[in-house]
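The lines below spell out each chain.
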Amino acid sequence: EAGVVQSPRYKIIEKKQPVAFWCNPISGHNTLYWYRQNLGQGPELLIRYENEEAVDDSQLPKDRFSAERLKGVDSTLKIQPAELGDSAVYLCASSLERTGGDYGYTFGSGTRLTVV
Amino acid sequence: GQQVMQIPQYQHVQEGEDFTTYCNSSTTLSNIQWYKQRPGGHPVFLIQLVKSGEVKKQKRLTFQFGEAKKNSSLHITATQTTDVGTYFCAVKTSYDKVIFGPGTSLSVIP
């Protein structure tokens, strides 16, 4: 099993430029999450999907962030335009049960975004 | 809103010493999960605790859920250099949202 796959692994962009991250969850995991992790902090939830429906996007800065999960499998997270404060690691996770359950969340390796 | 605290923020131990990190919530929890993140890596699920007073062991790691289900601890016996990383607790809110604590960073001096 490949696990949760994210790309790219690293991204450096200038401020005001757009950027997109891609995530392929574990097969059969209907719940998908995007988290942002700043240096020295715990992951913060941006958006949660149940299949193709965004069931919790209350923490997503909707003026510049957007996400989609077409067909309930792969997902993309976009930032447009990026700001310096968006520099962070963007983690995708998936789970079999809605809040993790006995198997928890499986995280991808993340995309480290640097905005200069 | 619900707050999750972890103490200590950092811990440096000599290899072979024990280590404990604590996770405290402002509200009663339905369950708690623990994750480990190695330097440069991503969080990896360790365990979930559900029952009041529950104790679970994984080799040298012992996890405990408080009787009031408001706190939890992770204890590592005889630390090894492979234990280095940040340990996060994660709790479920009343809205089925899982929030992560700030983590405890463990350094092991060989």
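The notes below deal with the structure included here. Fair warning: this is a prediction, and the values are worked out from it, not measured in the lab.

Things to note about the state of the cysteines
Here is step 1 of the chain: For the structure shown, the criterion picks out two disulfides over all chains.
Here is step 2 of the chain: Here A:C23 connects covalently by a disulfide to A:C92, the sulfurs 1.9 Å from one another. One disulfide, between A:C23 and A:C92, carries an S-S torsion of -70 degrees and so falls in the left-handed class. One end of the pair, A:C23, is in strand β3 (residues 19-24); the other, A:C92, is in strand β9 (residues 88-95), with 69 residues separating them in the sequence. With respect to class, A:C23 is no different from A:C92; both count as buried.
Here is step 3 of the chain: Covalently, B:C23 is tied to B:C89 through a disulfide, its sulfur atoms 2.0 Å apart. Negative torsions about the S-S bond denote left-handed disulfides, and the value of about 70 degrees found for B:C23 with B:C89 makes this one right-handed.

Some thoughts on the interface of chain A and chain B
Here is step 1 of the chain: Listed by partner, the interface residues are 24 residues for chain A and 17 residues for chain B.
Here is step 2 of the chain: Around 1600 Å² of area is buried between chain A and chain B when both sides are counted, 48% of it from carbon and sulfur atoms.
Here is step 3 of the chain: Counting the surface chain A buries against chain B, the share from its top three residues, A:T99, A:Y105 and A:F107, is 30%.
Here is step 4 of the chain: Across the chain A-chain B interface, the total number found is zero salt bridges.
Here is step 5 of the chain: At the boundary of chain A with chain B, the tally comes to three residue pairs in polar contact (both at pLDDT 80 or more).
Here is step 6 of the chain: When contributions to the side of chain A that touches chain B are tallied by element, the ones reaching two or more residues are β4 (31-37) and β5 (44-50) of chain A.
Here is step 7 of the chain: Among the residues forming the side of chain A that touches chain B, the class breakdown is seven nonpolar, 12 polar and five charged.

Comments concerning unusual backbone geometry
Here is step 1 of the chain: In this chain, A:Q80 is followed by A:P81 through a cis amide linkage whose omega measures -5 degrees.
Here is step 2 of the chain: Relative to the helices and strands, A:P81 is located in the loop between β8 (75-79) and β9.
Here is step 3 of the chain: In this structure, the amide linkage connecting B:I7 to the following residue, B:P8, adopts the cis form with an omega of -5 degrees.
Here is step 4 of the chain: With respect to the secondary-structure elements, B:P8 resides in the loop between β1 (4-7) and β2 (10-14).
Here is step 5 of the chain: A positive phi angle, near 55 degrees, is found at B:K59, a position not held by glycine.
Here is step 6 of the chain: Tracing the backbone shows B:K59 in the loop between β6 (55-58) and β7 (61-65).
Here is step 7 of the chain: Despite not being glycine, B:K69 shows a phi value in the positive range, around 55 degrees.
Here is step 8 of the chain: With respect to the helices and strands, B:K69 occurs in the loop between β7 and β8 (71-76).

Let's talk about the nonpolar core
Across soluble globular proteins, nonpolar side chains show a tendency to be buried alongside one another.
Here is step 1 of the chain: With 21 residues, the main nonpolar core has A:F21, A:W34, A:L77, A:I79, A:Y90 and A:L113 as its most contacted residues.
Here is step 2 of the chain: Listed by contribution, the elements that provide at least two residues to this core are β3, β4, β5, β8, β9 and β11 (111-115) of chain A.
Here is step 3 of the chain: B:I47, B:F65, B:L74 and B:V91 belong to the second-largest nonpolar core, a separate cluster that totals 20 residues.

Criteria and cut-off values
Residues numbered from 1 in each chain as written. Chains lettered and ligands numbered in written order. Predicted model: local features only at pLDDT ≥ 70, side-chain atom pairs only at ≥ 80, totals over all residues. Heavy atoms only, no water. Disulfide = S-S within 2.5 Å. Helix = DSSP H or I, 4+ residues; strand = E, 2+ residues; numbered from the N terminus. Buried < 20%, exposed > 50% of the residue type's maximum accessible area, 1.4 Å probe, protein only. Contact = heavy atoms within 4.5 Å. Buried area = accessible area lost by both parts, 1.4 Å probe. Salt bridge = Lys/Arg side-chain N within 4 Å of Asp/Glu carboxyl O. Polar contact = N/O pair within 3.5 Å; in protein donor to acceptor, adjacent residues only side chain to side chain. Nonpolar A, V, L, I, M, F, W, Y, C, P; charged D, E, K, R; others polar. Core = buried A, V, L, I, M, F, W, Y, C linked by side-chain atoms within 4.5 Å.

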